[in-house]
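Each chain, written out:
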Amino acid sequence: MVSPTHAAPMAALYGVPMHEAIASGDVSKMVAIRDQALDYLAAASEIERLLPSLEKTMKAKGLPPQALYGISIQDAVARGDQAELSRLKAEVAYYSRLL
């Protein structure tokens, strides 16, 4: 189980750092990226498992689900904010599974 104090990975977990670690030939870099990716995936599976319970508890307290308005998506696109776009895509996918 991932610790509640688990910190985000030091490097963004997308293809570039992984390709760079491979290209460097530096085993310590490859191991570090692999370990970060495995930690991230473990946390992601725990998050996926717990998120429905969190949503249910929030709903019981009268809190609505996060609204996914087109304007927030358009703003993220206009800013070119890839992290925000990825987060919004994940939210859309999650809420789509609830419907």
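That block above? That's the structure.
Residues numbered from 1 in each chain as written. Predicted model: local features only at pLDDT ≥ 70, side-chain atom pairs only at ≥ 80, totals over all residues. Heavy atoms only, no water.

What follows deals with the overall build of the protein. Check the secondary structure of the protein and you find 4 helices and 0 strands. Going from N to C terminus, the protein has its helices and strands arranged as α-α-α-α. In the protein, buried positions account for 16% of the 99 residues. The long-range fraction of contacts in the protein, counting pairs at least 24 apart against all pairs at least 6 apart in sequence, stands at 51%. Element-wise, carbon and sulfur atoms account for 64% of the exposed surface of the protein, whose accessible area totals about 7,700 Å². (Helix = DSSP H or I, 4+ residues; strand = E, 2+ residues; numbered from the N terminus. Buried < 20%, exposed > 50% of the residue type's maximum accessible area, 1.4 Å probe, protein only. Contact = heavy atoms within 4.5 Å. Areas by Shrake-Rupley, 256 points an atom, 1.4 Å probe, with all protein chains shown as cover.)

Bringing the pattern of salt bridges into the picture now. Applying the stated criterion across every chain, the model contains 4 salt bridges. Asp 35 is the partner of Arg 34 in a salt bridge, and the nearest nitrogen-oxygen pair spans 2.9 Å. Residues Asp 81 and Arg 79 are paired through a salt bridge, measuring 3.7 Å at the closest nitrogen-oxygen approach. Classification of Arg 79 by relative accessible area gives exposed; the value is 53%. (Salt bridge = Lys/Arg side-chain N within 4 Å of Asp/Glu carboxyl O.)

This brings us to the packing of helix 1 (residues 15-24) against helix 2 (residues 27-60). Interaxial distance between helix 1 and helix 2 falls to 8 Å at its minimum, and their mutual angle equals 155°. Relative to helix 2, helix 1 is oriented roughly antiparallel. Along this stretch, helix 1 crosses helix 2, giving a crossing that reads as left-handed. Contacts between helix 1 and helix 2 involve Pro 17, Met 18, Ala 21, Ile 22 and Ser 24 from the first element and Lys 29, Met 30, Ile 33 and Ala 37 from the second. Taken together, the residues of the contact of helix 1 with helix 2 sort by class into 7 nonpolar, 1 polar and 1 charged. (Axes fitted to C-alpha atoms, helices over the stretch in contact; angles between N-to-C directions. Parallel < 35°, antiparallel > 145°, perpendicular 65-115°, else oblique. Left-handed = near helix turned anticlockwise from the far one by under 90°. Nonpolar A, V, L, I, M, F, W, Y, C, P; charged D, E, K, R; others polar.)

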